[in-house]
Amino acid sequence: MRSKPRKTLSKPDARNAICPYFTMFPLSVPSKQLRGVGSSEWVLDPFCGRGTTNYAARLIGIPSVGIDSSPIAAAIAEGKMVDTSPEAIENACLEILANNDDVDLPEGEFWGLCYHPSTLKAIVLLRKALLQDCSSPERKALRSLLLGILHGPRNKGVPSYLSNQMPRTYAAKPDYAVRFWTERQLCPAPVEVANVVSRKAQYYFASTPPKVPFRIICADSRVLDFSKLGARFSRIVTSPPYFGMRTYVPDQWLRWWFLGGPETVVYRHPDQIAHSSAYEFAEQLACIWRNVAGACLPGAKFMIRFGGIHDRKANPKEIMLSSLREAKCQLRLLTVRSAGLSSVGKRQAEQFKRTLQTPIEEFDFHVRVEG
Ligand SMILES: C[S@@+](CC[C@H](N)C(=O)[O-])C[C@H]1O[C@@H](n2cnc3c(N)ncnc32)[C@H](O)[C@@H]1O
């Protein structure tokens with residue numbers, strides 16, 4: 001079952017792109033913030049998303065903790081932090097697929113048009129096995145890799161994704177997707193899952209970054225007991241959801257299904273910070289800043305990237321400043337700098353002929369915990 005070790009094909013940075021994520025940092029953002037941090041200092045991201053801060057910390061040999069209430073975010077982040085090899089991931093996949101048991105496939109128009117039946121069967125076998133046991137590093141890496149290839153654009157040559165035409169960044173809603181495929185007569189092609197896994201594992205996991213202590217926790221940062229994390233932090237590099245951006249899980253509903261979620265889109269996710277009003281949103285951020293500050297060493301530095309979306313007219317700068325004031329703890333604002341305009345999601349959305357508006361300005365807030 002063991003395949004021959006192959007030569008390194010990718011740079012260590014490649015692994016960070018294993019699965020896209022809305023409003024993710026480019027790796028350069030946390031990497032720059034963490035320059036000069038010592039290897040015994042701990043870094044925290046209480047809204048870690050796909051774990052960019054954690055991975056940047058790992059690349060420079062710094063221990064870190066990442067927290068996110070989305071199970072998709074936590075699974076992606078964890079997959080890039082584990083120590084494993086492409087061969088171990090390929091073997092974990094082949095071992096699961098060797099089990100040719102009958103499995104119940106999801107039914108309905110969406111599933112029939114999204115995946116070829118043979119591909120769907122392999123996906124369901126992998127889903128079932130990983131839900132039963134995802135404790136080993138290779139299974140964690142395999143899970144994050146599968147999340148990244150579950151849907152995406154169809155290409156002319158060897159397939160890179162398992163689905164019929166779809167964006168990679170978000171999963172189209174079932175009715176919309178069915179209409180899109182039917183109007184264009186797009187049928188799903190059979191895709192060899194093990195084959196795609198093997199090529200992607202060679203690309204994303206070929207190089208091994210330094211091994212560092214880390215924890216990725218799937219939890220709500222408003223209520224998590226930060227004193228139990230077992231570390232005091234000297235750097236926080238984070239980016240909360242932008243006010244109004246409340247679709248992290250519904251927009252990733254297919255990935256959530258793969259992680260054990262339902263076969264349909266669910267819109268209510270109470271573990272996500274609430275967006276009913278700018279005031280309530282700022283209050284919840286304040287609660288998280290208080291929790292985080294309580295787990296920090298005196299002098300710890302925060303960098304918070306925050307922006308807005310077009311749906312909500314509230315001023316992002318005012319929301320963040322109000323949350324920092326409301327935290328009523330030893331946080332001192334040092335600077336607020338423009339980080340320019342972000343165009344996250346635009347290119348991917350075009351694959352599915354959906355256009356997103358240009359996001360508004362983002363800011364970097366630099367804050368210090370006073371001793
Ligand atoms: C802007 S994204 C973070 C992206 C991240 N910087 C990256 O590079 O991937 C904000 C994240 O906050 C998470 N989130 C929302 N409410 C949360 C809560 N109450 N506790 C923890 N995480 C939460 C969302 O699931 C989302 O992943």
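Residues numbered from 1 in each chain as written. Predicted model: local features only at pLDDT ≥ 70, side-chain atom pairs only at ≥ 80, totals over all residues. Heavy atoms only, no water.

### Quick notes on the overall build of the protein
The condition that has to hold: Only DSSP runs of H or I covering at least 4 residues are called helices, and only runs of E covering at least 2 are called strands; the numbering of each starts at the N terminus. To sort residues, take the accessible area from a 1.4 Å probe on protein chains only and compare it with the maximum for the residue type: under 20% means buried, over 50% means exposed, and anything in between is partly exposed. The contact criterion used throughout is that any non-hydrogen atoms of two residues lie within 4.5 Å. Residue-level accessible areas treat just the shown protein chains as cover; the underlying method is Shrake-Rupley with a 1.4 Å probe. Only four residue types enter the tally: Lys and Arg on the positive side, Asp and Glu on the negative side; His and the chain ends are excluded. Working definition for charges: the position is that of NZ of Lys, CZ of Arg, CG of Asp or CD of Glu.
When helices and strands are counted, the protein shows 13 helices and 7 strands. Each principal axis of the C-alpha distribution contributes one length, and for the protein these read about 60 × 45 × 30 Å. Across the 371 residues in the protein, those meeting the buried criterion constitute 56%. Long-range pairs, those at least 24 residues apart, make up 79% of the contacts in the protein with a sequence separation of at least 6. Summed over all atoms, the accessible surface of the protein reaches about 16500 Å², with 50% contributed by carbon and sulfur. Between the mean site of the 49 positive side-chain charges and the mean site of the 34 negative ones, the protein shows a separation of 7 Å.

### Observations concerning the confidence of the model for the protein
Counted only if it meets this: pLDDT expresses how confident the predictor is about each individual residue, on a scale running from 0 to 100.
Averaged over all residues, the pLDDT of the protein equals 91, while 92% of them reach at least 70. Overall, residues 1-9 carries pLDDT values under 50, and its contacts beyond four positions in sequence, including any with other chains, amount to 17 contacts. Counting contacts from residues 344-355, a segment whose pLDDT is below 50, to residues more than four positions away or on other chains yields 25 contacts.

### Some points on the side chain of Ser-323
Put simply, the test is: Definition of a polar contact: a pair of N or O atoms within 3.5 Å, with one able to donate and the other able to accept a hydrogen when the atoms are protein atoms, and with sequence-neighbouring residues admitted only if both atoms are side-chain atoms.
Mapped onto the elements, Ser-323 comes out in helix 12 (residues 316-326). Overall, Ser-323 belongs to the buried group, its relative accessible area being 0%. Among the polar contacts listed, one links the side chain of Ser-323 to the backbone oxygen of Met-320, at a separation of 2.8 Å. What Ser-323 contacts, discounting residues up to four positions off in sequence, is Ala-282, Leu-285, Ala-286 and Trp-289.

### Things to note about helix 8 (residues 174-183)
This is how the line gets drawn: Note: the arc covers the axis-to-C-beta directions of the helix.
When helix 8 is considered as a whole, its buried residues turn out to be Pro-174, Ala-177, Val-178, Phe-180 and Trp-181. Mapping the buried residues of helix 8 onto a view down its axis gives an arc of 165 degrees, with all of them on the same face. In this structure, helix 8 carries Asp-175 and Glu-183 as exposed residues pointing more than 90 degrees from its buried face. Where helix 8 terminates, the next one or two residues include Gln-185, which has phi positive at roughly 50 degrees.

### Structural notes on the side chain of Gln-272
In this structure, Gln-272 sits in the loop between helix 10 (253-258) and helix 11 (278-294). The buried category is assigned to Gln-272, whose relative accessible area is 12%. Within the local environment of Gln-272, its side chain forms a polar contact with the side chain of Ser-69, the two groups lying 3.2 Å apart.

### So, the packing of helix 6 (residues 117-132) against helix 7 (residues 137-149)
Spelled out, the test is: Whenever a helix is involved, its axis is fitted only over the stretch in contact; in every case the axis is a line through C-alpha atoms, and angles between N-to-C directions fall within 0 to 180 degrees. Working rule for angles: under 35 degrees goes down as roughly parallel, over 145 as roughly antiparallel, 65 to 115 as roughly perpendicular, anything else as oblique. A crossing counts as left-handed when the near helix is turned anticlockwise from the far one by less than a right angle, and as right-handed when that turn is clockwise. Each residue gets one of three labels, nonpolar for Ala, Val, Leu, Ile, Met, Phe, Trp, Tyr, Cys and Pro, charged for Asp, Glu, Lys and Arg, and polar for the others, Gly among them.
As a packed pair, helix 6 and helix 7 sit with axes 11 Å apart at the nearest point and diverge in direction by 140 degrees. On the basis of their axis angle, the class for helix 6 and helix 7 is oblique. When the axes of helix 6 and helix 7 are compared, the crossing they make is left-handed. Contact residues: Leu-126, Ala-129 and Leu-130 in helix 6; Arg-139, Leu-142, Arg-143 and Leu-146 in helix 7. Of the residues belonging to the contact of helix 6 with helix 7, the class tally is 5 nonpolar, no polar and 2 charged.

### So, the site of the ligand
Note the threshold: Residues are labelled near a given molecule or strand when at least one of their non-hydrogen atoms is within 4 Å of it.
Of all residues adjacent to the ligand, which total 24 residues, the nearest are Tyr-21, Phe-25, Thr-52, Asp-68 and Gln-272. Contacts to the ligand include Phe-25, whose backbone N or O atom sits 2.8 Å from an oxygen atom. Side-chain polar atom of Gln-272 to an oxygen atom of the ligand: 2.9 Å apart, as the coordinates give it. Relative to its unbound accessible area of 600 Å², the ligand is 100% covered by the protein chains.

### A few points about the pairing of strand 7 (residues 361-369)
Our working rule: For two strands to be treated as a pair, DSSP must find at least two bridges joining them.
Most of strand 7 is tucked away: 7 of the 9 residues are buried. Inspection of the sheet shows strand 5 (residues 296-306) paired to strand 7 by 6 bridges, in the antiparallel sense. Across the sheet, residue Phe-306 finds its bridge partner in strand 7, namely Phe-363.

### Quick word on the packing of aromatic side chains
How we decide: Here a Phe, Tyr or Trp ring, Trp counted by its six-membered ring, pairs with any other such ring whose centre lies within 6.5 Å, and the pair is stacked when the planes are under 30 degrees apart, edge-to-face when over 60, and tilted otherwise.
One pass over the structure, following the stated rule, counts 16 aromatic pairs. Ring geometry for Trp-111 against Trp-257: centres 4.7 Å apart, planes inclined by 55 degrees, an arrangement best described as tilted. Of this pair, Trp-111 sits in helix 5 (residues 109-114) while Trp-257 sits in helix 10; the two residues are 146 residues apart in sequence, bridging distant segments of the chain. Comparing Trp-111 with Trp-257, the two get one shared label, buried. Between Tyr-203 and Tyr-204 the ring centres are 5.1 Å apart and the planes differ by 70 degrees, which places this aromatic pair in the edge-to-face class.

### With respect to the domain arrangement of the protein
Quite often, the size of an interface is put as the accessible area lost when its parts meet. Short version of the rule: Start and end points for every domain follow an automatic or database-based domain assignment. Criterion for a salt bridge: a side-chain nitrogen of Lys or Arg within 4 Å of a carboxyl oxygen of Asp or Glu.
The domain architecture assigned to the protein consists of domain 1 (7-83 + 210-371) and domain 2 (85-207). Here the C-alpha centroids of domain 1 and domain 2 sit 26 Å apart. Contacts between the two partners involve 39 residues from domain 1 and, on the opposite side, 44 residues from domain 2. Linking domain 1 to domain 2 there are 3 salt bridges. One salt bridge in this structure joins Lys-173 and Asp-251, with 2.9 Å as the shortest N-O distance.

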